[in-house]
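Spelled out from the first residue to the last, the chains are:
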Amino acid sequence: MNSNKKTAIAALGQQETQKTPEEKKDIAIKVSNIISMNEVTVFLGDDHIKDVLRSNYNRLRHLFDRYNVIIKDKQDERIRLMKSFDQPIVILNRENPDSTPAISVPYNEYHRMLKAEKNAELFKAEICVPIKYRQFIIIGYVQVLHSKRLDLNSFNLVGLAASSIKKEITDYKNYEESTEVCRVTSINETEVTFLHSLNKHFSRIFQMGSVVILDLYSKDIRLTIKVNIKGLKPLDKYFAITGQYVNMSIDQYEKIENLLDPQSL
């Protein structure tokens, strides 16, 4: 962080200590929609998620020999592959490895997995697009299998179906998630501290060393990140929660930089 940003954050800290409680101005950054990574799979079996699966059951069934929407609380071999390579499975023609596009899990890795499956010879092509919960956890996938070769138009169709299902699941405000709007009291390029009340979600979400997903936002910037809980400090009405960023992407770091910009506060 450059000297201007450090000066801006230091000045904010001075404002917090110099003003009376009535005059104190909050940093205009908030945290909300918090869920423990351990709790993400818990809500996958509830009635709303089952309704999402039912409503999408026949979506592309008429176009392919086999169409499945799969939600799992444990990773199978396809999820393992897509997670390892951060790519969908796009095998357009099993008989022609060179037809596998660069956007796909490598053909040789896919073929190695396929050797352990029964009746794999029934289908010539397979596409699997992951369903991610808030961009972090693969909780399932949309899969199509076909007896004839497929093309990238088929992949685009499957991708649209997966995106729609992902949005329905992500938009669902499940009971495992805290939607409390929390005031950020300190933030830098490695961690954030915010205030959270001792509500019904607190003990389930916040434990030392646990990893949580949360939304961090200001008026103009919003991002979803993972943090490792490094501090739980009791105050009069709240707990001060300190979380260290985990596995941040370049885009996420850039948004953090923008949040630290004095013009964004």
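Shown above is the structure to which this text applies.
Below you will find a few notes about this structure. (Residues numbered from 1 in each chain as written. Predicted model: local features only at pLDDT ≥ 70, side-chain atom pairs only at ≥ 80, totals over all residues. Heavy atoms only, no water.)

A word on the sheet that holds strand 3 (residues 89-91)
Formally: A pair of strands is labelled paired if DSSP reports no fewer than 2 bridges between them. The secondary structure listing takes helices from DSSP runs of H or I that are at least 4 residues long and strands from runs of E that are at least 2 residues long, numbered from the N terminus. Axis geometry follows a simple rule: fit a line to the C-alpha atoms, using only the stretch in contact for helices, then measure angles between N-to-C directions, giving values from 0 to 180 degrees.
Taking strand neighbours across the sheet as the criterion, the four strands line up as 2-5-4-3 in an open arrangement whose pairing is antiparallel. Since the sheet does not close on itself, it has two edges, and those belong to strand 2 (66-71) and strand 3, each with one partner. Adjacent strand axes in the sheet meet at a mean angle of 15° when their direction is disregarded. In this structure, strand 4 (residues 125-133) lies alongside strand 5 (residues 137-146), joined through nine bridges in antiparallel fashion. Counterpart to Ile 131 in the pairing with strand 5 is Gly 140.

Considerations on unusual backbone geometry
Stated precisely, the cut-off is as follows: Three labels apply to residues, based on accessible area from a 1.4 Å probe with only protein chains included: buried if under 20% of the type maximum, exposed if over 50%, partly exposed otherwise in between.
One non-glycine residue with positive phi stands out, namely Asn 33, at about 55°. Overall, the relative accessible area of 9% leaves Asn 33 in the buried class. We note that Asp 86 has phi near 50°; this positive angle belongs to a residue other than glycine. With respect to the helices and strands, the residue Asp 86 is situated in the loop between helix 3 (77-85) and strand 3. Assessed through its relative accessible area of 54%, Asp 86 is described here as exposed.

Remarks on the nonpolar core
It is characteristic of soluble globular proteins that their nonpolar side chains tend to be buried jointly. Rule in force here: Throughout, nonpolar core names a set of buried Ala, Val, Leu, Ile, Met, Phe, Trp, Tyr and Cys residues whose side chains join them through atoms within 4.5 Å. The contact criterion used is simple: two residues touch if any of their non-hydrogen atoms lie within 4.5 Å.
Counting residues in hydrophobic clusters, the biggest one holds 31 residues, and the most contacted among them are Phe 43, Ile 127, Ile 131, Ile 139 and Ile 169. Listed by contribution, the elements that provide at least two residues to this core are helix 2 (47-55), strand 2, strand 4, strand 5 and helix 5 (152-171). Among the elements that make up this core, the one with the highest residue count is helix 5 (six residues). Leaving out residues up to four positions away in the same chain, Ile 169 has contacts with Phe 43, Ile 49, Val 52, Ile 71, Ile 131, Tyr 133 and Ile 139. Judged by nonpolar contacts, the second largest core, of 26 residues, contains Val 184, Ile 221, Val 227 and Ile 256.

Focus: the sheet that holds strand 7 (residues 191-196)
The strand order 1-6-7-10-9-8 describes a closed barrel built from six strands, whose pairing is antiparallel. Adjacent strand axes in the sheet meet at a mean angle of 45° when their direction is disregarded. With five bridges joining them, strand 1 (residues 30-36) and strand 8 (residues 211-217) adopt antiparallel strand pairing. Bridged to Val 31 within strand 8 is Leu 216. Sheet contacts for helix 7 (residues 250-260): strand 6 (182-187), strand 8, strand 9 (222-234) and strand 10 (239-246); angle to strand 9, the most-contacted strand, approximately 70°.

Describing the packing of helix 2 against helix 5
Short version of the rule: Should an angle fall under 35 degrees it is taken as roughly parallel, and over 145 as roughly antiparallel, whereas 65 to 115 is taken as roughly perpendicular and any remaining angle as oblique. Crossing handedness follows the turn of the near helix against the far one: under a right angle anticlockwise gives a left-handed crossing, and clockwise gives a right-handed one. Under the scheme applied here, ten amino acids are nonpolar (Ala, Val, Leu, Ile, Met, Phe, Trp, Tyr, Cys and Pro), four are charged (Asp, Glu, Lys and Arg), and all others, including Gly, are polar.
Packing of helix 2 against helix 5 brings their axes to within 10 Å, and their N-to-C directions diverge by 165°. Our classification of the angle between helix 2 and helix 5 gives roughly antiparallel. Classified by chirality, the crossing of helix 5 by helix 2 is right-handed. Contacts between helix 2 and helix 5 involve His 48, Ile 49, Val 52 and Ser 55 from the first element and Ile 165, Glu 168 and Ile 169 from the second. Looking at the contact of helix 2 with helix 5 residue by residue, the class counts come to four nonpolar, two polar and one charged.

Concerning a nonpolar patch on the surface
Using the following cut-off: Note that patches include only residues with greater than 30% relative accessible area and no salt bridge, and the join distances are 9 Å for like charges and 5 Å for nonpolar side chains (Val, Leu, Ile, Met, Phe, Trp, Tyr). In these tables, accessible area is a Shrake-Rupley quantity obtained with a 1.4 Å probe, and a residue counts as shielded only by the protein chains included in the view. We define a salt bridge as a contact between a side-chain nitrogen of Lys or Arg and a carboxyl oxygen of Asp or Glu at a distance within 4 Å.
A surface patch of nonpolar side chains, about 260 Å² in accessible area, is lined by Leu 63, Leu 157 and Leu 160. Topologically, Leu 160 is positioned in helix 5.

Details of the layout of surface pockets
This is how it is decided: For each structure, a 1 Å grid was placed over the protein atoms alone; sets of points admitting a 1.4 Å probe that cannot get out are labelled cavities, open sets with protein on both sides within 12 Å along at least five of seven lines are labelled pockets, and lining residues have an atom within 4 Å of a point. Grid points are joined across faces, edges and corners, and a volume is the space filled by probe spheres set on the points.
Approximately 420 Å³ is the volume found for the largest pocket. Lining the largest pocket are 17 residues, and of these Gln 75, Lys 83, Phe 136, Ile 137 and Ile 138 sit closest to its centre. Put simply, the parts of the chain that give the lining of the largest pocket at least two residues each are helix 3 and strand 5. When grouped by side-chain class, the residues that make up the lining of the largest pocket number six nonpolar, four polar and seven charged. Put simply, the second largest pocket is a space of about 370 Å³.

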